[in-house]
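# Chain and residue survey
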Amino acid sequence: MDNNEKIIELKGVEKIFDGQTAVEKMDLYIRKGEFVTLLGPSGCGKSTTLRMIAGFEMPTSGQILLNGKDITNVPPYERPINTVFQRYALFPHLNVYDNIAYGLKLKRFKNTYVDKKGKQRVRVERLSKEVIDAKVSRVLKLVDLEEFEKRDVTTLSGGQQQRIAIARAIVNEPEILLLDEPLGALDLKMRKDMQLELKEMHQKLGITFIYVTHDQEEALTMSDTIVVMKDGDIQQIGTPKDIYNEPKNSFVADFIGESNIFSGTMVGDKKVRFINKVFDCVDDFPINEKVDVVVRPEDVFLADEGKGMVDGVIISSIFKGVHYEMTFKVGKTEVVIQDTIERKEGERCSIHIRPDDIHIMAKEFDCNRYDGYITKRNTVCFADGEFECDVTQLYEHSHLDDEGYLVLENGEQIDLTDVDVKVEVGLKDIEIIDNDEDGDACGTIISIVYKGDHYQIIIRTDEEEEDFVVDTEYVWNENDRVSVKIPKDKIKLKLKAVNQK
Amino acid sequence: MTALKFSRKHLGIPYGLFMALFVVFPLLLIIYYAFTDPLTGKLSLINFIDFFTSNANLTAMFISLALAILTTAICLLIAYPTAYILARTDMNKNGIMLLLFILPMWINFVLRTAAMKELLFSIGMFKSNKTSFINTLIGMVYDYLPFAVLPIYTVLQKLDKNILEASSDLGASGSQTLFKVTIPLSMPGIVSAITMILLPTMTSYVVSDTLGNGNVTIIGKLIENQFSTMYNWNAGSAIAMILLVFIFATMLISGKFSEEGSQDARGGGLW
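Residues numbered from 1 in each chain as written. Chains lettered and ligands numbered in written order. Predicted model: local features only at pLDDT ≥ 70, side-chain atom pairs only at ≥ 80, totals over all residues. Heavy atoms only, no water.

### Observations regarding the overall build of chain A
Helix and strand counts for chain A come out as eight helices and 35 strands. Against the 2.2 N^0.38 benchmark of 23 Å for 501 residues, chain A shows a C-alpha radius of gyration of 29 Å, more extended than a compact globule. Counting over 501 residues, chain A shows a buried share of 50%. Restricting to contacts in chain A with at least 6 residues of sequence separation, those with at least 24 account for 64%. (Helix = DSSP H or I, 4+ residues; strand = E, 2+ residues; numbered from the N terminus. Rg over C-alpha atoms; globule rule 2.2 N^0.38 Å. Buried < 20%, exposed > 50% of the residue type's maximum accessible area, 1.4 Å probe, protein only. Contact = heavy atoms within 4.5 Å.)

### Things to note about the sheet that holds strand β35 (residues 492-495) of chain A
All names here are of chain A. Taken in spatial order, the five strands make up an open sheet running β25-β24-β23-β29-β35, and their pairing is antiparallel. Whereas interior strands pair on both sides, the edge strands pair on one side only; in this sheet they are β25 (385-388) and β35. The average undirected angle you get between the axes of adjacent strands in this sheet is 40°. Summarising the sheet, strand β24 (residues 379-382) and β25 pair through four bridges and their orientation is antiparallel. When the sheet's bridge partners are listed, Thr379 is paired in β25 with Glu388. (Pairing = 2+ DSSP bridges. Axes fitted to C-alpha atoms, helices over the stretch in contact; angles between N-to-C directions.)

### Overview of the sheet that holds strand β14 (residues 271-274) of chain A
Residue and element names in this part refer to chain A. Within the open sheet, the five strands sit side by side as β15-β14-β13-β16-β22. Their pairing is antiparallel. What marks the edges here is a single partner per strand, and that holds for β15 (277-280) and β22 (359-362). Averaged over all adjacent pairs, the angle separating strand axes in this sheet is 40°, with direction ignored. Bridge analysis of β14 against β15 gives four bridges, and the strand direction is antiparallel. Bridged to Arg273 within β15 is Val278.

### Quick look at the nonpolar core
A general tendency of soluble globular proteins is for nonpolar side chains to be buried together. In this structure, A:Ile8, A:Ile210 and B:Ile152 are the most contacted members of the largest nonpolar core, which totals 75 residues. It is helix α6 (residues 132-158) of chain B that contributes the most residues to this core, eleven residues altogether. Every residue in contact with A:Ile210, bar those within four places of it in the chain, is listed here: A:Ile8, A:Ile30, A:Val36, A:Leu38, A:Leu50, A:Ile53, A:Ile176, A:Leu177, A:Leu178 and A:Leu179. Judged by nonpolar contacts, the second largest core, of 37 residues, contains A:Val96, A:Leu127, A:Leu140 and A:Leu198. (Core = buried A, V, L, I, M, F, W, Y, C linked by side-chain atoms within 4.5 Å.)

### Overview of the interface of chain A and chain B
Across the boundary between the two partners, chain A contributes 20 residues, which contact 19 residues of chain B. Summing both sides of the interface, chain A and chain B together bury roughly 1800 Å²; the carbon and sulfur share of this comes to 60%. Area buried by chain A at its contact with chain B is led by A:Tyr77, A:Tyr102 and A:Leu106, which between them contribute 32% of it. Among the ionic pairs, A:Arg51 bridges to B:Glu165, the shortest N-O distance being 2.6 Å. Here chain A and chain B share six residue pairs in polar contact (both at pLDDT 80 or more) between them. If you list the elements that add at least two residues to the side of chain A that touches chain B, you get α1 (46-54), β6 (81-84) and α2 (96-106) of chain A. Broken down by class, the residue content of the side of chain A that touches chain B amounts to twelve nonpolar, five polar and three charged. (Buried area = accessible area lost by both parts, 1.4 Å probe. Salt bridge = Lys/Arg side-chain N within 4 Å of Asp/Glu carboxyl O. Polar contact = N/O pair within 3.5 Å; in protein donor to acceptor, adjacent residues only side chain to side chain. Nonpolar A, V, L, I, M, F, W, Y, C, P; charged D, E, K, R; others polar.)

### As for the pattern of salt bridges
The full count for this structure, using the stated rule, is 27 salt bridges over all chains. A:Arg348 serves as the salt-bridge partner of A:Glu305, at 3.0 Å between the closest nitrogen and oxygen. Of the two residues, A:Glu305 is situated in the loop between β17 (300-304) and β18 (310-319) and A:Arg348 in strand β21 (residues 348-353); the sequence distance between them amounts to 43 residues. On the basis of relative accessible area, A:Arg348 is assigned to the partly exposed category, the value being 46%. Among the charged side chains, a network of salt bridges with common partners joins A:Lys15, A:Arg51, A:Glu57 and B:Glu165.

### Let's talk about the packing of helix α2 (residues 46-53) of chain B against helix α3 (residues 55-88) of chain B
In a pair of packed helices, the angle between the axes and the distance between the axes together describe the arrangement. Residue and element names in this part refer to chain B. At a minimum axis separation of 5 Å, α2 and α3 run at an interaxial angle of 75°. Comparing the axis directions of α2 and α3 gives the class roughly perpendicular. Facing Asp50, Phe51, Phe52 and Thr53 of α2, the residues of α3 in contact are Asn55, Asn57, Leu58 and Met61. In terms of residue class, the contact of α2 with α3 is made up of four nonpolar, three polar and one charged. (Parallel < 35°, antiparallel > 145°, perpendicular 65-115°, else oblique.)

### As for the domain arrangement of chain A
Residues and elements named next belong to chain A. As far as domains go, chain A holds domain 1 (6-80 + 174-245), domain 2 (259-362) and domain 3 (367-499). For domain 2 versus domain 3, the separation of C-alpha centres amounts to 35 Å. Residue-level contacts link seven residues of domain 2 with seven residues of domain 3. The largest share of the area that domain 2 buries against domain 3 comes from Ile261, Lys332 and Glu334, three residues that together contribute 60% of it. At the boundary of domain 2 and domain 3, one finds zero salt bridges. Where domain 2 packs against domain 3, one counts one residue pair in polar contact (both at pLDDT 80 or more). Of the residues in the side of domain 2 that touches domain 3, the class split is two nonpolar, two polar and three charged. (Domains from an automatic or database assignment.)

Right under this line is the structure:
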């Protein structure tokens, strides 16, 4: 796959459905012959991206280029691209043969021939029955379903229907084959078999495959390149190895495989401190910078107490077939470990992590920042909510008088109503409340990532779609409706530059 | 003393009695009348022979058939695009458009036909006897159109959009998809529309009486005449039998076309 020719390129492609952004300005190119997987949780825009490439959806803005030619407005039936649908979408009124031959029968091509008078003429022809027959039986052989030609598609099993759907797409010899979670409806065993078969098929046919899935294992098994997406945005593009070993941020690390994610601080040149211990690492970050540290469970080695780097206690141990999954507790922090040698619950032991297994990435959030304004009641409005705050912090040595006006050090009285301010709230200073009503602002939990000793939760408000990033010890569920409360003294206010004296 | 055992089967008894009394028994009566001579009361085929040797009867049969087939065809031609647009676009998002098409069905049939007569009269369609057949046809189409829209709409709405996308993906243009996928897959709706229109149009003589100006006699009218004017129950029963055979034949043919999914499509979404 060392061909560098771009077969398809998305340039600033964006898709908005009724005001909701499904795909944010996306730039992506795919090389000829590659097996690319778009990977992400549901609703991350991966299917929409695929549908735009297929032509079922028109981008709101941006361009799609196929072999350098703009195909943004070309209808799906004129694109040399075929799709394998999630629910197969076979034609129930046609048998296996007719399903597969559907595209071939529609195909027209120009044939140049010499007529009786010796003139060259061009005639539009369709494929002959023999050619179609040959192609159909060849492709049926490829998917291991010979002799199935006359069968009714509704009598086939899920796996067989899926093979027919693949056969129906590849028989047209498309330049790109799109696969929209094609194995989603199959059972685990069948899915594993099909993964390998698809990979083999890709190597045999040499067609570019673009595959959409939310299953990280599937992506790692099959792809040459993985594109990790979240909220309509590309998070990382890379080979399965890159993505797994060098995740760019904690979302990717958490989504791809199992990970321990810790909050750490850089304490020196290639030295990072987390779980109360300084570790050597290989990534270079500025000293004192807050970072996320990612360690894969299989990269943590257990040793007898006192013989490793950090001592702790095993608090749970579960047999998972190939290995044991154990939870190791250091202080308040939990570390998940996978090992083939079992350590019993309650056993005191020690862990050891190699420097190159410690992956360090810039912390995504260290503080919530918002634009807000002060109300008549000396509260502050931001992120769909109204919060009590201490407005005297805006001016040094000021205080409030009885009527609610701010009195400066020199005795000057100011009305703060509608003054724009910058608001900062620490991640740990936000309290989440289970009830919609009781907090000052409410929203929905859109993400939850475990960071070793706490969870990092993102709550998105309904109207303004502002995010509250919260570090908490308590576990919540994604899509929970919650409200937030912030203690008065934890809201840091700053005047916006314009008003600053 | 034997205890009276109650089993779930016994719940069926009232229905069985009802069926016997109001379905099987009348049917047997019709068969009995159809095959007996009205004068002597003996078993005979005279009623059928009379029907098939009378020119007037055969003409009525032919007109009924022509009327039924034309009405069905026109209804389908109007209903299919209507149902397609309602099912495939945003026009019917809240169901109001569909309701407007169905609403006439809930207004008394006789009243609607009378209103149609006034309408046709006012545009001069009653000046000549030549337009009697056309008038009847217009009335029939107007009365039976909802019965075509509803089942087709129901089937089209249930159609998996992925299948249409797959067709487009494999190289079929919009019209190719329509003829190769959409119409074949909506056959159950079309067939149920046909069964719901074809047979009633042959017998609903209210329309032909009101709009046909006395020039259009359909098979339903013949039956009515035999029973209420001529008091010849035997001849009337024979015609009813002929119609029944015809109904079975159409059911058999249409059943062939809608082997799958027709049960749920028949009757449409409103009942």
